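# Topology and contacts: notes
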Amino acid sequence: MSTHPSLTPVSTSDAPGAIGPYSQAIKAGDLLFVSGCIPIDPKTGEIVEGIEEQTAQALKNLIAVVNAGGSELGKVVKTTVFLKNMNDFVTVNGIYAAAFGSHKPARSAVEVARLPKDVLVEIECIARYVSSKPLDSNESSLMRLSATSSLK
């Protein structure tokens, strides 16, 4: 089985490679689906220690994949944060908030029994991927019309 032509895998050496049969991210239409990022330092291949360091590294890896996919943190629509221990929520939330700044995508945060390589946190996201080609006035009008008619 091969990847359907409508899907584009994304890969970057600025984040750890996939540790299984999956892609770091997949572009589908105008969306970028980023696989769960764990706190492996891509330069050393080592897991960083401590919840603060792990959260920061997981977010750095996520940002690297988002950027490699042609998007940016401000276009992230939804994140899911997987925690080994919900008691770490406040710490993770503070680091997450600092990374995203005033942008506040939809988010779920869940405690799980175990994460890959026994890390403390994993973060995945869905982001908008918008082509650099500007819309012509017809495309722009059609998008507005479509959005308006779907509201009724």
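### Describing helix α1 (residues 51-68)
When the terminal C-alpha atoms of α1 are compared, their 26 Å separation across 18 residues agrees well with the 26 Å that a helix rising 1.5 Å per residue should span. All buried positions along α1 are accounted for by I51, Q54, T55, Q57, A58, L59, N61, L62, A64, V65 and V66. If you follow the buried residues of α1, they end up packed against β1 (7-10), β2 (25-28), β3 (31-37), α2 (89-100) and β6 (121-128).

### Thoughts on the pattern of salt bridges
Evaluated as defined, the whole model comprises two salt bridges. Among the salt bridges present, the one from R128 reaches D30, with a minimum N-O distance of 2.9 Å. Pair noted here: R128 is in strand β6 and D30 is in the loop between β2 and β3, with a separation of 98 residues, a long-range link. Its relative accessible area of 35% is what places D30 among the partly exposed residues. For D118, the salt bridge identified is with R114, shortest N-O distance 2.6 Å. Residue R114 is classed as exposed on the basis of its relative accessible area, which comes to 61%.

### Side note on the environment of S108
Relative to the elements of secondary structure, S108 occurs in strand β5 (residues 106-111). In this structure, the C-alpha to C-alpha distance between S108 and T80, residues 28 residues apart in sequence, is 4.8 Å. Apart from residues lying up to four places away in sequence, S108 is in contact with K78, T79, T80 and V81.

### Side note on the packing of α1 against α2
Close contact between α1 and α2 brings their axes to 9 Å; oriented N to C, the two are set at 35°. Where α1 crosses over α2, the handedness of that crossing is right-handed. Judged by residue contacts, I51, E52, T55, A56 and L59 of α1 engage T91, V92, I95, Y96, A99 and F100 from α2. Taken together, the residues of the contact of α1 with α2 sort by class into eight nonpolar, two polar and one charged.

### Quick notes on the side chain of Q54
Note that Q54 resides in helix α1. Not counting the four nearest positions on each side in its chain, Q54 is found in contact with P39, I47, V48, E49, V119, L120 and V121.

### A closer look at the pairing of β3
Across four bridges, β2 lies against β3 in antiparallel orientation. When the bridges of β3 are listed, A25 appears paired with V34. What sits between β2 and β3 in their antiparallel hairpin is a turn of two residues, with G29 showing a positive phi close to 60°. Two elements, β3 and β6, share five bridges in a ladder whose sense is antiparallel.

### A word on the sheet that holds β3
Strand order in this open sheet of six strands is β1-β2-β3-β6-β4-β5, and the pairing throughout is mixed. Two strands in the sheet have a free side with no partner beyond their single neighbour: β1 and β5. The mean inter-strand angle of the sheet, taken between neighbouring strand axes irrespective of direction, is 15°. Against the sheet, α1 engages β1, β2, β3 and β6, with an angle of about 25° to β6. Set on the sheet, α2 makes contact with β4 (76-83) and β5; between it and β4 the angle comes to about 155°.

About the criteria used
Residues numbered from 1 in each chain as written. Predicted model: local features only at pLDDT ≥ 70, side-chain atom pairs only at ≥ 80, totals over all residues. Heavy atoms only, no water. Helix = DSSP H or I, 4+ residues; strand = E, 2+ residues; numbered from the N terminus. Expected span 1.5 Å × (residues − 1). Buried < 20%, exposed > 50% of the residue type's maximum accessible area, 1.4 Å probe, protein only. Contact = heavy atoms within 4.5 Å. Salt bridge = Lys/Arg side-chain N within 4 Å of Asp/Glu carboxyl O. Axes fitted to C-alpha atoms, helices over the stretch in contact; angles between N-to-C directions. Left-handed = near helix turned anticlockwise from the far one by under 90°. Nonpolar A, V, L, I, M, F, W, Y, C, P; charged D, E, K, R; others polar. Pairing = 2+ DSSP bridges.

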